[in-house]
There are 2 protein chains.
Amino acid sequence: MMLQKCWPPSDESATLRVMSRVINFSPGPATLPTSVLESIQGELLDFQGSGISILEHSHRGKHYVAVHEQTTALLKELLSVPDTHEILFMGAGASGQFAFVPMNFLQGGSADYLDTGTWSKKAFKSAGCYGEPRWAGTGKEGERYVRAPRDLDLSEGAKYVHYTSNATIAGVQFHAAPNASAPLVADMSSDILSRPVDVAAHSLIYAGAQKNLGPAGVTIVIIEKSLMEQGRTNIPDHFQYGLLAAKQSMLNTPPTFPIYCVGKVLQWVKDNGGAEGMAKRNQEKADLLYKTIDDNAEFFRSPVEKGSRSQMNVVFNLPTEDLEKAFIAAAAEEGMVNTKGHRSVGGIRISLYNAIDPAHVVKLTDFMKAFAQKNG
Amino acid sequence: MMLQKCWPPSDESATLRVMSRVINFSPGPATLPTSVLESIQGELLDFQGSGISILEHSHRGKHYVAVHEQTTALLKELLSVPDTHEILFMGAGASGQFAFVPMNFLQGGSADYLDTGTWSKKAFKSAGCYGEPRWAGTGKEGERYVRAPRDLDLSEGAKYVHYTSNATIAGVQFHAAPNASAPLVADMSSDILSRPVDVAAHSLIYAGAQKNLGPAGVTIVIIEKSLMEQGRTNIPDHFQYGLLAAKQSMLNTPPTFPIYCVGKVLQWVKDNGGAEGMAKRNQEKADLLYKTIDDNAEFFRSPVEKGSRSQMNVVFNLPTEDLEKAFIAAAAEEGMVNTKGHRSVGGIRISLYNAIDPAHVVKLTDFMKAFAQKNG
């Protein structure tokens, strides 16, 4: 019902509009399935015959409440969230969680953080306002982050262990959750639902929506009830996971439209094989791209250890910065945009989130081979 | 440019869709101008020929940055924000501000809060986590809030004075900012830009967007630089107004789509006479509705003192609860929905935010007169 098309998707002008869409390899906010955008567009003036746009619906009204519940149920189903865990929607981005997690659970104590670069460092810094985070492992070698941290130096008294499952800047990904006896907390902003997740192994997972789940403006939190109950109660109500859970994330007005969009994306994921389907699709896309890099190793160079290569953000370098600039410009000419690496590391970055079509990676790799041949 | 229509607004099917929209008197999330919704719909698949939806555009890319800057500039212009103040966009709702304000500025001290009911109480409660808020005036008389607090009991050492300029539940509004020597902080969520605002009289104004400015998911903050510079620095970066201002609210990914929608609504406000135009329009709507109540005083009863009556949320009672239920049902039959009062006070509540068309209030008051005549 949620993906019902109320707006003609197949007339000539609509087709022309779809045809004009570019291939967007942005690291986030990121591309969304065109069919999802069409569905949103079609019902934007009148949601399900209510005479009211979903942008206008009260969060207390039956239309939005159904969307909210449906979106929660889809997340629970697609991520196989056990009944031991609650699903929440919050504002303020994953950066908000950098603070809310220690505000609730650090309580002046210490927590172990795993270092995979920029985002883990920001989480660590926020935790320092509420207790004593310590580094318990790093993926850094020399100047760059090149792998998921191993040989962890976990401490016995840690309130929790925090890791970033995928580092968008370094292109480094954990391919299994780290082993820890303390509650495991993961920032999965950039790889949630790109593959099945062992939710039960985690006490708290959070993820900004704007990579795999929808537009910017909402953060998903999956939290184990037994941890939730230990949260501080002398902090503002709206930062207490337990109070949010008791009100189904509607202690105040939630970001209704971003949540609605997440519901649309989740339905698309379900229609395309769920987490397993995404995993297969993402594996194929990443394999093809990394093979193209490795097969042309004299021209393309991946700085990341093979066992830690990200399926979501593939980073690589060309022989010179000038060639990288030429590559980015030539790709854009071919309708493939946002291929530039993060300014802190340079090079090329291709983000392969769920909504990137496998055919677009074929087009990219064909382009890469031709570019290498011409310029190698 | 922002309101350019890329999608046929005047073909027959579009007209039919517009015709099917109901009159939505919701207290928020609230109705938006139909032309704004059409504009958003028209460019949803391809923003300004970029081949990318605004839902997908990177917050670092030129298309979104232009939207962000344009929206900021429109707010500055329409609210006559002086150069002494910064404009910020944040997530987490006005409820987030209930915490961020004392977190930054209370610093263990005390602050004076003015009591107009539910929302002021929530703000007060959050402040209690960071210092000692005290009540310095109330609008409560007997069981209900019926007026803006007067005869204030302000304290000399207060770090700031906090008030809620419009109380959505009680239907009580301040028609002038309270006099205070301490920095004045206002929650203007439900009446911002409904009239000109004396921004210079305030050190901090915050407002959730979902009443007069756009959809849920973004909060506007207007903060005096001299206050901002006194904010705590041993709190998470993303809660420090100063750091947010230094990065134009892009310390992390902002809620891009809600901000884009706010820009559309602001352009509509500008095209319709700006804050002065809204004030005139809102005055006329409220005058007509209150006149209808007062002219039929044996049937409709406003519990609010005349000098404190809200132009945004008009609350009133009918002789019996059964008649109120019948009124709500009959109004819905006529295509006028969400007229039910808040469950804590009952009765009828008609929200007259900017986007409510004056003609819709004429229709409502005609209906009210007929209903009173039939049932009185």
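The structure presented is a predicted model; accordingly, all values stated were derived computationally and were not measured.

The subject of this paragraph is the overall build of chain A. Summing up its helical and strand segments, chain A has eleven helices and 15 strands in all. Here chain A has a C-alpha radius of gyration of 21 Å; the compact-globule value for 376 residues is 21 Å, and the two agree. For the C-alpha atoms alone, the extent of chain A along its principal axes is close to 65 × 55 × 30 Å. Here chain A holds 376 residues, and the buried ones make up 62% of them.

Attention now goes to the interface of chain B and chain A. Each side of the interface is counted separately: chain B has 63 residues, and chain A has 63 residues. Here chain B and chain A share an interface that buries about 4800 Å² over both sides, 62% of which is from carbon and sulfur atoms. Its largest share of buried area at the contact with chain A, chain B owes to B:L45, B:L55 and B:E56, together 16% of the area lost on that side. Our count for the contact surface shared by chain B and chain A stands at four salt bridges. Put simply, A:E56 and B:R21 hold a salt bridge, and the shortest N to O gap is 2.9 Å. Here chain B is connected to chain A by 21 residue pairs in polar contact (both at pLDDT 80 or more). Across the side of chain B that touches chain A, the residue classes tally to 29 nonpolar, 27 polar and seven charged.

Turning next to the relation of the copies chain B and chain A. Rotating chain B by 180° and translating it 0.0 Å along the rotation axis places it on chain A, where the RMSD comes to 0.0 Å. Here the two chains are linked by the operation of a two-fold rotation axis. The overlap is high: 100% of the interface residues of chain B also sit at the interface in chain A, so the same surface is used on both sides.

Before going further, it helps to spend a moment on the nonpolar core. As a rule of thumb, soluble globular proteins bury nonpolar side chains together. A:F257 and B:F257 are the most contacted members of the largest nonpolar core, which totals 104 residues. Ignoring sequence-local partners within four residues, the contact set of B:F257 consists of A:L55, A:F257, B:I40, B:L44, B:I54 and B:L55. Membership of the second largest hydrophobic core comes to 60 residues, among which are A:A94, A:L227, A:L244 and B:Y113.

Moving on to helix α8 (residues 256-271) of chain B. Residue and element names in this part refer to chain B. Taking 1.5 Å per residue as the helical rise, α8 with its 16 residues ought to reach 22 Å, and the 23 Å between its terminal C-alpha atoms agrees with that figure. For α8, the buried fraction is high: 14 of the 16 residues fall into the buried class. The first or second residue beyond α8 is G273, which carries a positive phi of 100°.

What follows is about the confidence of the model for chain A. All names here are of chain A. Summary statistics for chain A give a mean pLDDT of 94 and a share of 95% for residues scoring 70 or more. For residues 1-18, every residue scores under 50 in pLDDT, and the model assigns this stretch 32 contacts once sequence neighbours within four places are set aside. For this predicted complex, the interface score ipTM comes out at 0.95, while the overall pTM is 0.95.

This part is about the pattern of salt bridges. Applying the stated criterion to the full structure yields 34 salt bridges over all chains. Ionic pairing is found between A:D237 and B:K125, a salt bridge with its closest N-O pair at 2.9 Å. Here A:D237 is found in the loop between α6 (225-228) and α7 (241-246), whereas its partner B:K125 is found in helix α5 (residues 118-127) on a different chain. Residue B:K306 pairs with B:D294 through a salt bridge whose shortest N-O separation is 3.9 Å. One end of the pair, B:K306, is in the loop between α9 (274-295) and β13 (313-316); the other, B:D294, is in helix α9, and twelve residues separate them in sequence. Residue B:D294 is classed as partly exposed on the basis of its relative accessible area, which comes to 31%.

All names here are of chain A. With respect to the element layout, L114 can be found in strand β3 (residues 110-115). A sequence separation of 22 residues divides L114 from A136, and the C-alpha atoms of the two residues are 5.6 Å apart. Those residues in contact with L114 that sit more than four places away from it in its chain are S120, W135, A136, G137, P149, L152, V161, H162, Y163, F174 and P178.

So, about the domain arrangement of chain A. Residues and elements named next belong to chain A. Split by domain assignment, chain A resolves into domain 1 (49-271) and domain 2 (275-375). Taking only C-alpha atoms, the centre of domain 1 and the centre of domain 2 are 28 Å apart. Facing the 26 residues of domain 1 at the interface are 26 residues of domain 2. Regarding the contact of domain 1 and domain 2, the summed buried area is about 2100 Å², with carbon and sulfur atoms giving 53% of it. Area buried by domain 1 at its contact with domain 2 is led by R144, I169 and W268, which between them contribute 26% of it. Viewed at the interface, domain 2 and domain 1 are joined by two salt bridges.

Our next topic: the sheet that holds strand β10 (residues 184-187) of chain A. Residue and element names in this part refer to chain A. One open sheet holds the seven strands; their spatial order is β2-β12-β11-β10-β7-β3-β4, and the pairing between them is mixed. What marks the edges here is a single partner per strand, and that holds for β2 (85-90) and β4 (132-138). Neighbouring strand axes in the sheet, compared pairwise and without regard to direction, differ in orientation by 20° on average. Judged from the five bridges that link them, β3 and β4 form a sheet pairing that is parallel. Considered in β4, the bridge of A111 is made with P133. In this fold helix α4 (residues 93-105) packs onto β2, β3, β10, β11 (204-208) and β12 (219-224), with an angle of close to 155° to the strand it touches most, β11.

Residue and element names in this part refer to chain B. For the pair α9 and helix α11 (residues 358-375), the least separation of the axes is 10 Å and the interaxial angle reads 0°. In terms of orientation, α9 and α11 fall into the roughly parallel class. Counted together, R281, K285, L288, L289, T292 and I293 of α9 and P358, V361, V362, L364, T365, M368 and K369 of α11 form the full contact between these two elements. Partitioning the contact of α9 with α11 into residue classes produces eight nonpolar, two polar and three charged.

Over its 17 residues, helix α3 (residues 62-78) of chain A runs 24 Å from end to end, which matches the ideal 24 Å to within 8%, given 1.5 Å per residue. A:S80 sits one or two residues past α3(A) and shows a positive phi near 45°.

Before going further, it helps to examine the state of the cysteines. Inspection of the entire model under this criterion finds zero disulfides over all chains. Cysteine A:C129 is unpaired, with the sulfur of B:C129 as its nearest cysteine sulfur at 16 Å. A relative accessible area of 29% means that B:C129 is categorised as partly exposed.

For the rest of this paragraph, the subject is the packing of aromatic side chains. Aromatic rings in a pair are described by how distant their centres are and how their planes are angled relative to each other. All told, the structure shown has 38 aromatic pairs over all chains when counted by the stated rule. Their ring planes at 0° and their centres at 5.8 Å tell us that A:F105 and A:Y241 sit as a pair that is stacked. One end of the pair, A:F105, is in helix α4; the other, A:Y241, is in helix α7, with 136 residues separating them in the sequence. Summarising the burial analysis for this pair, A:F105 and A:Y241 share the class buried. Here B:F300 and B:F327 contribute two aromatic rings whose centre-to-centre distance is 6.2 Å and whose plane-to-plane angle is 80°, an arrangement assigned as edge-to-face. On the criterion of sequence distance, the pair formed by B:F300 in the loop between α9 and β13 and B:F327 in helix α10 (residues 321-333) is long-range, its members being 27 residues apart. In this structure, B:F300 and B:F327 share a single accessibility class: buried. Within the aromatic cluster, the residues linked to one another by ring pairs are A:F47, A:F257, A:Y260, B:F47, B:F257 and B:Y260.

Analysis parameters
All residue numbers refer to positions counted from 1 along the written sequence of the respective chain. Working convention: letters from A go to chains and numbers from 1 go to ligands, in the order in which they are written. Restriction of local features to residues with pLDDT of at least 70 applies here, the model being predicted, together with a cutoff of 80 or more for giving and counting side-chain atom pairs; totals for whole chains, interfaces and linings are based on all residues. Only heavy atoms go into the side-chain values, all of them from the structure, while hydrogens and water stay out. Counting from the N terminus, the helices are the DSSP runs of H or I reaching at least four residues and the strands are the DSSP runs of E reaching at least two. Note that the radius of gyration is over C-alpha atoms, with the globule rule given as 2.2 Å times the number of residues to the power 0.38. Exposure classes here rest on a 1.4 Å probe applied to the protein chains alone. A residue is buried below 20% of its type maximum, exposed above 50%, and partly exposed in between. Contact between two residues is taken to exist if any of their heavy atoms lie within 4.5 Å; hydrogens are not considered. The quantity reported as buried area is the accessible area (1.4 Å probe) lost by two parts once they are put together, taken as the sum for both. Definition used for salt bridges: Asp or Glu carboxyl oxygen within 4 Å of a side-chain nitrogen of Lys or Arg. Between N or O atoms, a polar contact is any pair within 3.5 Å; within protein, one atom must be a potential hydrogen donor and the other a potential acceptor, and residues adjacent in sequence are included only when both atoms are from side chains. The residue classification treats Ala, Val, Leu, Ile, Met, Phe, Trp, Tyr, Cys and Pro as nonpolar and Asp, Glu, Lys and Arg as charged. All others, Gly included, are polar. Overlaid copies result from least-squares superposition on C-alpha atoms, with residues included only where pLDDT is at least 70 in both. Among buried residues, the Ala, Val, Leu, Ile, Met, Phe, Trp, Tyr and Cys ones that are joined through side-chain atoms within 4.5 Å form a nonpolar core. By this rule, a helix spans an expected 1.5 Å times one less than how many residues it contains. What pLDDT reports is the predictor's confidence in each residue, on a scale of 0 through 100. By convention here, the domain bounds are inherited from an automatic or database domain assignment. One requirement defines pairing of two strands: DSSP has to find at least two bridges between them. For helices, the fitted axis covers only the stretch in contact; all axes are lines through C-alpha atoms, and the angles between them, taken along N-to-C directions, range from 0 to 180 degrees. Geometric relationships in this document are graded by angle, where less than 35 degrees denotes roughly parallel, more than 145 denotes roughly antiparallel, 65 to 115 denotes roughly perpendicular, and other angles denote oblique. Counting rule for disulfides: a pair of cysteine sulfur atoms within 2.5 Å. Working definition: rings of Phe, Tyr and Trp (its six-membered ring) pair if their centres are within 6.5 Å, and the pair is stacked with planes under 30 degrees apart, edge-to-face with planes over 60 apart, and tilted otherwise.

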